[in-house]
Amino acid sequence: SQITTLLLVFFMFLLRQFEFLEEVDEAELTLRVIGYDSVEGMVSVMIIAVFAFLGLFVVLVLYHVLTNPNIQYLLLVDSGEQPSLSLETGKRWHLFLSHIWSSGQDQVANIKRKLQLMLNGCQIFLDVDDLENTEDLEQYVKSSENVLVFLSKGYFFSANCLRELDCALSIQAPLILVHEKNLDKGGVSLDTLRTEVVSQGRDAECLFHAGQEIVIWYRVEHFQLLSLKRIAQSMLYATPLYKNLDMPPVLYLPGEITPELLHFRNPVCLFVSRFNSGAAALADELVACYTDEDIEIVHLCPSTTKDVAQRGLMQANSLIVRCSDMVKTTSSQAMGSVTSHMAKARTTVEEAITHNTKRSYRHPRRRVSLRDAIRRTTNALSKYTRPDTITRMLLYLNQRTFVGDSAGALAEEVRLARARGIKIVLVHENDDCRDGCPFSRLFETTPYDLIREGVYKELAVQFHPMPYRTVSLALLAKALEAKWYSNSCTLLEVM
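Treat the numbers as computed from the prediction; the structure is a model and nothing was measured. (Residues numbered from 1 in each chain as written. Predicted model: local features only at pLDDT ≥ 70, side-chain atom pairs only at ≥ 80, totals over all residues. Heavy atoms only, no water.)

(A) The environment of I257, seen in detail. Along the chain, the position of I257 falls in the loop between strand 7 (251–252) and strand 8 (262–263). A relative accessible area of 7% means that I257 is categorised as buried. Each C-alpha atom of the pair I257 and A474 lies 6.5 Å from the other, and the pair is 217 residues apart in sequence. Setting aside its immediate chain neighbours within four residues, I257 contacts H222, L262, V471, A474, L475, K478 and W484. (Helix = DSSP H or I, 4+ residues; strand = E, 2+ residues; numbered from the N terminus. Buried < 20%, exposed > 50% of the residue type's maximum accessible area, 1.4 Å probe, protein only. Contact = heavy atoms within 4.5 Å.)

(B) Region of the structure containing the packing of helix 4 (residues 101–118) against helix 10 (residues 221–237). Helix 10 packs onto helix 4 with a crossing angle of 75 degrees between their chain directions and a minimal axis gap of 11 Å. What the angle tells us is that helix 4 and helix 10 run roughly perpendicular. In this structure, helix 4 contributes N110, I111, K114, L115 and M118 to the contact, and helix 10 contributes Q224, L225, L228, I231 and A232. Partitioning the contact of helix 4 with helix 10 into residue classes produces seven nonpolar, two polar and one charged. (Axes fitted to C-alpha atoms, helices over the stretch in contact; angles between N-to-C directions. Parallel < 35°, antiparallel > 145°, perpendicular 65-115°, else oblique. Nonpolar A, V, L, I, M, F, W, Y, C, P; charged D, E, K, R; others polar.)

(C) Representation of the sheet that holds strand 13 (residues 392–397) within the structure. Pairing is parallel across the open sheet formed by five strands, whose spatial order is 10-9-13-14-15. Strand pairing shows two members of the sheet lacking a second neighbour, strand 10 (295–298) and strand 15 (461–463), which therefore form its edges. The average angle at which neighbouring strand axes cross in this sheet is 30 degrees, direction not considered. Sheet contacts for helix 15 (residues 407–419): strand 9 (268–272), strand 13 and strand 14 (423–429); angle to strand 13, the most-contacted strand, approximately 145 degrees. Here helix 18 (residues 469–479) sits on the sheet in contact with strand 13, strand 14 and strand 15, set at roughly 155 degrees to strand 15. (Pairing = 2+ DSSP bridges.)

(D) Examining the sheet that holds strand 5 (residues 175–180) more closely. The parallel open sheet is built from five strands, whose spatial order is 3-2-4-5-6. Each end of this open sheet is capped by a strand with a single partner; those strands are strand 3 (124–125) and strand 6 (214–217). Pairing between strand 2 (residues 93–98) and strand 4 (residues 144–151): five bridges, direction parallel. Paired with L97 across the two strands is L148, which belongs to strand 4. With respect to the sheet, helix 4 is in contact with strand 2, strand 3, strand 4, strand 5 and strand 6, its orientation differing from that of strand 4 by roughly 140 degrees.

(E) Inspection of the packing of helix 10 against helix 18 at higher detail. Where helix 10 meets helix 18, the axes come as close as 10 Å, and the angle between the chain directions of the two elements is 150 degrees. In terms of orientation, helix 10 lies roughly antiparallel with respect to helix 18. Of the two elements, helix 10 crosses helix 18, and the hand of that crossing is right-handed. Along the contact surface, helix 10 presents H222, F223 and L226, while helix 18 presents V471, S472 and L475. (Left-handed = near helix turned anticlockwise from the far one by under 90°.)

(F) Region of interest: the pairing of strand 10. Pairing analysis gives four bridges linking strand 9 to strand 10, with the strands arranged parallel. Counted as the bridge partner of C269 is E296 from strand 10. In this fold, strand 9 hands off to helix 11 (residues 279–289), which returns the chain to strand 10; that crossover is right-handed. (Right-handed = clockwise from strand over helix to strand, strands pointing away.)

(G) View of helix 15. In this model helix 15 runs 18 Å from its N-terminal to its C-terminal C-alpha over 13 residues, within 8% of the 18 Å that 1.5 Å per residue would give. Summarising burial for helix 15: ten of the 13 residues are buried, a large majority. All buried positions along helix 15 are accounted for by A407, A409, L410, A411, E412, E413, V414, R415, L416 and A417. A positive phi of about 80 degrees marks G421, the residue just after helix 15. (Expected span 1.5 Å × (residues − 1).)

(H) Looking closely at the environment of P467. With respect to the helices and strands, P467 occurs in the loop between strand 15 and helix 18. Under the relative-accessibility criterion, P467 is labelled partly exposed at 31%. Put simply, P467 and F223 are 244 residues apart on the chain and 9.7 Å apart in space, counted from C-alpha to C-alpha. Contacts of P467, omitting those with residues within four sequence positions, involve L226 and R230.

(I) Region of interest: the nonpolar core. Ranked by size, the top nonpolar core spans 58 residues in total, and within it L95, L115, L148, I231 and L476 carry the most contacts. The element best represented in this core is helix 10, accounting for eight residues. Filtering out sequence-adjacent residues up to four positions away, L148 remains in contact with L95, F96, L97, S98, I111, I176, V178 and I231. (Core = buried A, V, L, I, M, F, W, Y, C linked by side-chain atoms within 4.5 Å.)

(J) Seen up close, the packing of aromatic side chains. Taken as a whole and judged by the stated rule, the model has eleven aromatic pairs. Ring geometry for Y155 and F156: centres 5.2 Å apart, planes at 90 degrees, overall edge-to-face. Look at Y155 and you get buried, because its relative accessible area is 0%. Each member of the aromatic cluster is reached from another via a ring pair, and the members are W93, F96, F125 and Y140. (Phe/Tyr/Trp six-rings, centres within 6.5 Å; stacked < 30°, edge-to-face > 60°.)

(K) Summary view of a nonpolar patch on the surface. A cluster of nonpolar side chains, contributed by I47, F51 and L54, occupies part of the molecular surface with about 300 Å² of accessible area. On the secondary structure map, I47 appears in helix 3 (residues 39–67). (Patch = residues over 30% accessible without salt bridge, like charges linked within 9 Å, V, L, I, M, F, W, Y side chains within 5 Å. Areas by Shrake-Rupley, 256 points an atom, 1.4 Å probe, with all protein chains shown as cover. Salt bridge = Lys/Arg side-chain N within 4 Å of Asp/Glu carboxyl O.)

(L) Just the pattern of salt bridges, in detail. Following the criterion strictly, the structure yields 16 salt bridges and no others. Ionic pairing is found between R219 and E180, a salt bridge with its closest N-O pair at 2.7 Å. Here R219 is found in the loop between strand 6 and helix 10, whereas its partner E180 is found in strand 5, with 39 residues between them in sequence. Look at E180 and you get buried, because its relative accessible area is 0%. Taken together, the shared-partner salt bridges in this structure form one network comprising K112, D129 and D130.

(M) Region of interest: the side chain of T446. Mapped onto the secondary structure, T446 falls in the loop between helix 16 (439–445) and helix 17 (448–452). For T446, a relative accessible area of 6% puts it in the buried group. At 2.6 Å, the side chain of T446 and the backbone oxygen of L442 are in polar contact. Among the polar contacts made by the side chain of T446, one reaches the side chain of Y456 at a distance of 2.5 Å. Every residue in contact with T446, bar those within four places of it in the chain, is listed here: F402, I451, V455 and Y456. (Polar contact = N/O pair within 3.5 Å; in protein donor to acceptor, adjacent residues only side chain to side chain.)

Written as structure tokens, this is what we have:
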């Protein structure tokens with residue numbers, strides 16, 4: 001439509017030039033400059049061009065509708081129905097968007113557009129759409145049920161933003177704080193925001209008190225959907241129909257990804273390295289989330305006994321040979337002995353492989369490098385850990401990954417997994433309380449050969465703090481080939 005408008009302006013300009021040249025009776029000059037010798041010819045071309053672009057616009061709209069899923073509305077978990085939107089007497093908007101143009105304009109426009117698509121009848125104030133006079137800012141705030149404060153860089157240094165915030169606090173309007181955390185997208189830390197609000201003579205506790213929920217704003221689709229749901233729930237909680245409830249109404253969007261809607265059709269055998277700090281805890285989270293699923297975690301336990309590592313290879317080899325011979329028998333007594341020997345073999349090999357305080361250790365007959373030791377012990381243990389059944393290796397990425405004494409052992413296990421064709425599932429931790437770090441840091445600590453060979457070629461599953469962590473767990477399950485229960489299954493049906 002904008003292109004069509006520009007075309008109309010351009011053709012009107014040509015038409016005005018044509019009329020001017022006609023007035024001076026310069027037909028040949030008119031044909032040479034404009035390209036037409038009559039007004040009718042120019043108008044015909046103009047009409048054809050305008051309708052051509054309008055036709056192209058219609059085609060693009062139809063293509064978008066046919067290639068994208070149908071618009072889904074947020075529904076109430078309790079009933080499966082759309083929530084009813086109402087307004088108090090004297091109110092005009094359900095939500096007022098308070099933001100600073102320089103770092104928040106594009107994202108609040110995105111919030112308005114998506115909320116209005118997901119909540120039928122939702123009225124949202126946005127300055128570029130609804131502001132008529134800046135002198136009436138306070139009146140716009142008073143005419144809104146809720147005020148969304150988009151906390152981004154420079155918010156508390158904007159005079160108009162402070163006017164909106166002061167008015168909202170003075171009338172005790174329900175506040176929805178949305179935090180832009182991404183520093184590369186105009187974000188700022190909460191500590192900095194608290195310092196800035198105090199520097200402007202405001203009480204930080206009035207805004208950032210313990211009971212005030214802060215919604216983190218994400219740009220990745222699945223996490224952004226959860227942010228939008230939280231905004232919508234808080235917004236509904238201030239409307240006449242829901243404000244007397246004990247807690248905000250719980251919403252869901254048909255087709256959203258949640259752990260409850262996924263299951264594993266096939267058993268999962270996940271290799272988790274003990275040299276990968278935090279990976280075992282994350283695997284436990286996954287298992288706890290899918291208690292009814294067949295998920296096996298394979299890892300090797302660490303040990304601090306150095307002399308065990310020196311004798312581990314010889315002991316493991318002899319025990320494994322004995323187990324191999326005994327497995328051929330079928331008597332229950334023999335099988336019990338097999339189980340005992342297998343446990344001993346597993347223990348000695350695990351202890352041998354975890355000796356990583358030195359780059360190498362002394363074998364009774366020859367010096368064995370750590371890389372060779374890991375390879376030999378892993379191969380020896382393969383009869384009992386069944387590496388052919390391992391479906392994935394979990395590589396947990398945080399600020400401790402590939403750092404410290406265990407860095408070499410972890411790197412070697414990653415190399416061995418890749419060499420055996422075991423797909424590596426990357427998980428990037430973003431929670432500061434769990435040693436989260438920027439992804440760029442990993443390029444500083446990861447061995448260059450792994451980077452060169454494409455260990456980070458696949459996208460990592462992003463793990464964020466709760467409540468977004470449930471979405472992360474669902475995305476991890478998808479990476480481990482979890483499937484939907486059915487194409488039409490919804491959260492309401494599962495619950």
